[in-house]
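Coordinate inspection notes
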Amino acid sequence: MLAERSYQQHTRLVLVQPFEQSLAAKQQSLDTTLAELGALVEYEVADVTAAATFYIAEVYLDFSHALLDSERPTDLNEKELADYELMIEEEAYPFEERAIEVHEENLELLTAGVYNSWIEKTLSQLASLMPGRYAKAEISSGFVGSINSYAYRMPIAPTITIDPVDDEAKPDEATNPIEVTARISTDAVLTANHGATEQP
Amino acid sequence: MNSAAPYTLLPNPRLCAALIATIWMLGACATPPPAPATAPSRVEIDGQVGFTITEDAEVDIEVNSDYEQAISDLEMGRLEQGIARLESVAAGTSGLSAPRIDLGIAYHRVGDLDAAEKNLLLALDTNPEHPIAHNELGIIYRKTGRFAQARQSYEAALAIYPGFHFARRNLAVLCDIYLADLDCALANYQAYMKTVPDDDEATMWIADIENRLGR
C-alpha cells in the first residue's frame, strides 16, 4: 500500500553524525512523506483515510524516536553530553505529542461509524503512548463453571463469617446459647467470582 | 402331566446370559434424554449482595462430569480439548445456557468471534435473563465494531442486576473510548466504583474524565 511504502522509506533514514546533514535529510523526508499521506486523506475514503492518518501519526512518532536514538557526538564532555541529551529530549517531545494528537484525530472516525484494523492499530498505539487514558480493556466474568446454576456476588458484598468469640465477650450461655458459638461479621471481604477484581 | 412345561419354564442359562448381556449393554449405551428445549429458570436477586440463576433441569451425572472436565480443560488452557468436550455436552443439554455461554467464552479466547457470538446467542435463546451471556456478547459486539449493540447488551445485563460490575465497567469503557460519550462513561465508572471501590485504575480514569469534562 502507498501509505505504508512512504512510511517505510521514511523510517529507513537514521540520524547519524554529522548530525546536521542527516537531520536535514530526515526532515526533508518527513515533509515529503507527510505530503504524500495527506494527499491520501483527501480522497475521503474511510479506510484510506484511517490508514493514512495512522501512518501520519507514525511518521511523527518515528521522527521523535529517531531524535532520541540519534548518534551522539563524541567530542562532548560529561556536562555537555547531559545538556545535549536534554536538548534532544525537548526536541523529540513535540513530535510525540503531535503523533498522539493525530492518532486521536483518527480515533474520531469511530463517531462517524468507521471501525477497521487501522482504528484498532491507532487505539493500540494510544494505549501504549497514553495508557492512563486508552489502555482500558473489557473484563470477562470467566466461565460459568456450573452446568445449571450461577451465583454472582459483588466484590463489596458482605459475607457471613463465623469468628470464635473470646472468653471476655462470652455472654451468658444459658440465656443466649447461639451467640456463645458464633458472631456474624459483615465486613467487606474478598468474593471469588471467576475473575472479578477483588477487594483486599 | 405336561412333560414339556417344566422344560419351557426353566431358564435356559445361555439365553439368560445373552439376555442379561443385551440388557446391560442397552443400559450402558443408552444416552440420557436431553434436557427439555428450555429449562425453567429463576433469577433470585439478593439486594446489595448479588444474584443467583438456577435452571431447573435434571442433568445426568456423566454429562455433569463431562462438563466439569471441559471447564477444567479450559481453565488449564487446553482450549481445543475443552471446546470439543463442551460441544458434546452442549449438544445433549440444549435446555441449559451454561455450556453455550462457556463455549462462547472459549471460542472468544481462541479468536473465533463468529462461533463465540453464535453460542452466546443460543445461550440467550435458552435463557434471556443471563447477565453473563449479555456481557460476553457485548464484548464480542464491541470487538466487531457494533457499538450500539454492545451498549444494548451491557444495558440488558445491568437491567437484570445493576450491580453486575463486569457489565458496568465494560459499558463505561465502551462509552469512554468507542462512543466518545464522556458523561455516560463517567456515570458508569462511578457506579462501577461503588461495587469495586478499591480499583485504583478506575479512580484514575474518573479523574481523567472529570478533567476532560472541565469538572
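Because the structure is a prediction, the values reported are computed rather than measured. (Residues numbered from 1 in each chain as written. Chains lettered and ligands numbered in written order. Predicted model: local features only at pLDDT ≥ 70, side-chain atom pairs only at ≥ 80, totals over all residues.)

**Here's the deal with the domain arrangement of chain B**
One frequent convention defines the size of an interface as the accessible area lost when the parts assemble. Stated precisely, the cut-off is as follows: For each domain, the first and last residues come from an automatic or database assignment.
Split by domain assignment, chain B resolves into domain 1 (53-128) and domain 2 (146-215). Computed over C-alpha atoms, the centres of domain 1 of chain B and domain 2 of chain B are 28 Å apart.

**Observations regarding the sheet that holds strand S1 (residues 149-153) of chain A**
Convention followed: The rule for pairing is simple: two strands pair if DSSP sees at least two bridges between them. Only runs of H or I of at least four residues qualify as helices and only runs of E of at least two qualify as strands under DSSP, and these elements are numbered from the N terminus. Inter-axis angles, ranging from 0 to 180 degrees, are taken between N-to-C directions of lines fitted to C-alpha atoms, where helices are fitted over the stretch in contact.
An order of S1(A)-S2(B)-S1(B) is seen for the three strands of this open sheet, with the pairing classed as antiparallel. Pairing within the sheet leaves two strands with one partner each, and these edge strands are S1 of chain A together with strand S1 (41-46) of chain B. Across the sheet, the axes of successive neighbouring strands diverge by a mean angle of 10°, strand direction being ignored. Two strands pair when backbone bridges link them, and S1(B) and strand S2 (residues 50-55) of chain B are joined in this way by six bridges, in the antiparallel orientation. Following the sheet pairing, B:Asp46 is matched in S2(B) by B:Gly50.

**What to know about the interface of chain B and chain A**
For the record, the criterion: C-beta atoms are placed from the backbone for every residue, and two residues are taken to be in contact when these atoms lie within 7 Å.
Counting residues at the interface gives 47 residues for chain B and 30 residues for chain A. Put simply, the parts of the chain that give the side of chain B that touches chain A at least two residues each are S2, helix H3 (61-75), helix H5 (98-109), helix H7 (131-143), helix H9 (165-178) and helix H11 (200-212) of chain B. If one sorts the elements of the side of chain B that touches chain A by residue count, H9(B) sits on top with eight residues.

**Considerations on the environment of A:Glu97**
Mapped onto the secondary structure, A:Glu97 falls in helix H4 (residues 78-107). Considered as a pair, A:Glu97 and A:Leu81 are 16 residues apart in the sequence and their alpha carbons are 25 Å apart.

**Notes on the environment of A:Leu67**
All names here are of chain A. Assignment of secondary structure puts leucine 67 in helix H3 (residues 46-68). For the pair leucine 67 and glutamate 78, spaced 11 residues apart in the sequence, the C-alpha separation amounts to 19 Å. Setting aside its immediate chain neighbours within four residues, leucine 67 contacts Leu15, Ile88, Glu91 and Ala92.

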